[in-house]
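Structural features, examined
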Amino acid sequence: MGTTQKNHLCQVCAKPSEQTICPACEAKIRGEILDEKGKVEKAGHTETTRH
Ligand SMILES: [Zn+2]
């Protein structure tokens, strides 16, 4: 196996990372997704509570 272990670059911040997306960016992306999800959940929950 002639695998050339070159430095991978994060697809988000373009910094050397072993993964396609470095842990820092992955956490950020996950946080954004969770935040968006939380907004929707919160909005729905508020409506249900008010109703
Ligand atoms: Zn990154």
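The structure under discussion appears in the preceding block.
Residues numbered from 1 in each chain as written. Predicted model: local features only at pLDDT ≥ 70, side-chain atom pairs only at ≥ 80, totals over all residues.

Concerning the overall build of the protein
Put simply, the rule is: Strands here mean DSSP runs of E at least two residues long; helices mean DSSP runs of H or I at least four residues long; both are numbered from the N terminus. Here the C-beta atoms are placed from the backbone, and a residue counts as buried if at least 20 other C-beta atoms lie within 10 Å of its own, exposed if 12 or fewer do, and partly exposed otherwise.
Looking only at helices and strands, the protein features one helix and zero strands. Relative to its full complement of 51 residues, the protein shows a buried share of 2%.

Description of the environment of Cys 25
Filter applied, for reference: In this description, any two residues whose backbone-derived C-beta atoms lie within 7 Å of each other are considered to be in contact.
Tracing the chain through its elements places Cys 25 in helix α1 (residues 23-50). Sequence separation between Cys 25 and Gln 11 is 14 residues, and the spatial gap between their C-alpha atoms is 9.0 Å. In this view, Cys 25 contacts Cys 10, Val 12 and Cys 13; residues no more than four positions away in its chain are not counted.

Concerning unusual backbone geometry
A positive phi is found at Ala 14, a non-glycine position, where the angle reads about 60 degrees. Of note, Ala 14 is situated in the segment before α1. Note on Ala 14: 10 C-beta atoms within 10 Å, which makes it exposed.

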